[in-house]
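# Secondary and tertiary structure notes
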Amino acid sequence: MASPIQENLVSKNAEYASKFTKGDLALPPAKHYLVLTCMDARIDPAAAFGIDLGDAHVIRNAGGSARDALRSIIISQQLLGTKEIILIKHTGCGMLTFSNEDAHGLVKKNLGPSAAAEIATLDFLPIKNLDDAVKGDVEYLKRSAAVPEDVIISGWVYEVETGKVRRIV
Ligand SMILES: [Zn+2]
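Model, not experiment: these values are computed from the prediction.

About the cut-offs
- Residues numbered from 1 in each chain as written.
- Predicted model: local features only at pLDDT ≥ 70, side-chain atom pairs only at ≥ 80, totals over all residues.
- Heavy atoms only, no water.
- Pairing = 2+ DSSP bridges.
- Helix = DSSP H or I, 4+ residues; strand = E, 2+ residues; numbered from the N terminus.
- Axes fitted to C-alpha atoms, helices over the stretch in contact; angles between N-to-C directions.
- Salt bridge = Lys/Arg side-chain N within 4 Å of Asp/Glu carboxyl O.
- Buried < 20%, exposed > 50% of the residue type's maximum accessible area, 1.4 Å probe, protein only.

## Concerning the sheet that holds strand 3 (residues 84-90)
Strand order across the open sheet formed by 5 strands is 2-1-3-4-5, with mixed pairing between neighbours. Taken across any chain shown, the strands that pair with only one partner, and hence form the sheet edges, are strand 2 (56-61) and strand 5 (165-167). Here the average twist between neighbouring strands, direction ignored, is 25 degrees. Judged from the 7 bridges that link them, strand 3 and strand 4 (residues 152-158) form a sheet pairing that is parallel. When the bridges of strand 4 are listed, isoleucine 86 appears paired with serine 154.

Right, dumping it as structure tokens:
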């Protein structure tokens, strides 16, 4: 039995594949950059940030966290040749709404002591101030020995209310 979500995938994909013509793109991103942003459902990176298929890596996680994304960033740069990082967090981010204690408490309450023990040392990387979090992550990437000195790094905020980006750093 297919769930409604699975049915949607199958029907929409058939439609997409019937018109698909870009099967010959190269593996490394053609424009040699990566975008790191939040997993928030209201962000459409390709449309909002002007990314054509094959142009860039788009790395997404809760909050658009640089620390959380480091594994993918290293792979993007060292194996696939990207040389610029665009970091974009956003207004109304869920990561502004809870603390590590809250998240750990929820896991314990909803999933029980084994789950709580399993993730006892996990940092959920919540943020307190949006602009400061952008600056902090850009600083983290600039200081990281795992990110080459000559990589161009900028930090932005996307407004889910207006669809606009503004540069922070
Ligand atoms: Zn978010």
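Past the structure itself, the notes keep going.
## Quick word on the pattern of salt bridges
Applying the stated criterion to the full structure yields 7 salt bridges. As a salt-bridge pair, lysine 89 and aspartate 137 come within 2.9 Å of each other at their nearest N and O atoms. Placement of the pair is lysine 89 in strand 3 and aspartate 137 in helix 6 (residues 130-143), with a sequence separation of 48 residues. Under the relative-accessibility criterion, lysine 89 is labelled buried at 3%. With a relative accessible area of 7%, aspartate 137 lands in the buried category.

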